[in-house]
Amino acid sequence: KKGRYEFQTIKPAPYPENRFAAHIHMTVTTASAREDWIDSILFAGDALISARERETAGRRGGFNPIVRLEKGANGIWRARRDIQLAKI
């Protein structure tokens, strides 16, 4: 109702040939809208993030998709990734 979401996962590794940064693909589907593709989540400090990815970061979804992981008091790494869906 408030537009919040959360999911738990492991931090992915880059592709085996080390050509692409570690990332998570995201799509959002609502009851009243089509499926909407959102920039992949990338992780700050990953040397494999391309210059193009850095340049275009945040053009889809309104916010920077490169997140910084922070370790909480409980030892769990967390990141925040805001998104903004297009108005239909």
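Everything that follows concerns the structure shown earlier in this document.
If you're wondering where the values come from, they're calculated on a predicted model, not measured in any experiment.

1. Some remarks on the overall build of the chain
- Each helix and strand counted, the chain has one helix and five strands in total.
- Taken from the N to the C terminus, the helices and strands of the chain come in the order β-β-α-β-β-β.
- Excluding contacts between residues fewer than 6 apart, the proportion of contacts in the chain whose partners are at least 24 apart in sequence is 32%.
- Approximately 7300 Å² of the chain is accessible, and the part contributed by carbon and sulfur atoms is 50%.
- Of the charged side chains in the chain, 16 are positive and 10 negative; the average position of the first set lies 6 Å away from that of the second.

2. Examining the side chain of Asp46
- Looking at the element boundaries, Asp46 is found in the loop between β2 (36-43) and α1 (51-56).
- Buried and without a salt bridge, Asp46 has Lys11 as its closest oppositely charged side chain, separated by 5.8 Å.
- Those residues in contact with Asp46 that sit more than four places away from it in its chain are Ala21, Ala22 and Arg54.

3. Focus on the packing of aromatic side chains
- Inspection of every chain in the model, using the stated rule, returns two aromatic pairs.
- Note on Tyr15 and Phe20: the rings are 5.5 Å apart at their centroids and 70° apart in plane angle, and the pair reads as edge-to-face.
- Note on Tyr15: relative accessible area 38%, which makes it partly exposed.

4. Focus: the sheet that holds strand β3 (residues 66-67)
- Pairing is mixed across the open sheet formed by three strands, whose spatial order is β1-β2-β3. Edge strands, defined here as strands with exactly one partner in the open sheet, are β1 (23-28) and β3.
- Where β2 lies against β3, two bridges are found, and the strand directions are parallel. Along β3, the bridge assignment pairs Leu42 with Ile66.

5. Here's the deal with unusual backbone geometry
- The phi dihedral of Asn18 is positive, around 55°, even though this residue is not glycine.
- Residue position: Asn18 is located in the segment before β1.
- The class of Asn18 is partly exposed, set by a relative accessible area of 47%.

6. Here we look at the pairing of β2
- The buried fraction of β2 is high, at seven of eight residues.
- Of the pairings in the sheet, the one linking β1 to β2 comprises five bridges and is antiparallel in character. Residue Ile24 lies in a different strand from β2, and its bridge partner there is Ile41.

Basis of the calculations
Residues numbered from 1 in each chain as written. Predicted model: local features only at pLDDT ≥ 70, side-chain atom pairs only at ≥ 80, totals over all residues. Heavy atoms only, no water. Helix = DSSP H or I, 4+ residues; strand = E, 2+ residues; numbered from the N terminus. Contact = heavy atoms within 4.5 Å. Areas by Shrake-Rupley, 256 points an atom, 1.4 Å probe, with all protein chains shown as cover. Lys, Arg positive; Asp, Glu negative; His and termini not counted. Charge placed at Lys NZ, Arg CZ, Asp CG, Glu CD. Buried < 20%, exposed > 50% of the residue type's maximum accessible area, 1.4 Å probe, protein only. Salt bridge = Lys/Arg side-chain N within 4 Å of Asp/Glu carboxyl O. Phe/Tyr/Trp six-rings, centres within 6.5 Å; stacked < 30°, edge-to-face > 60°. Pairing = 2+ DSSP bridges.

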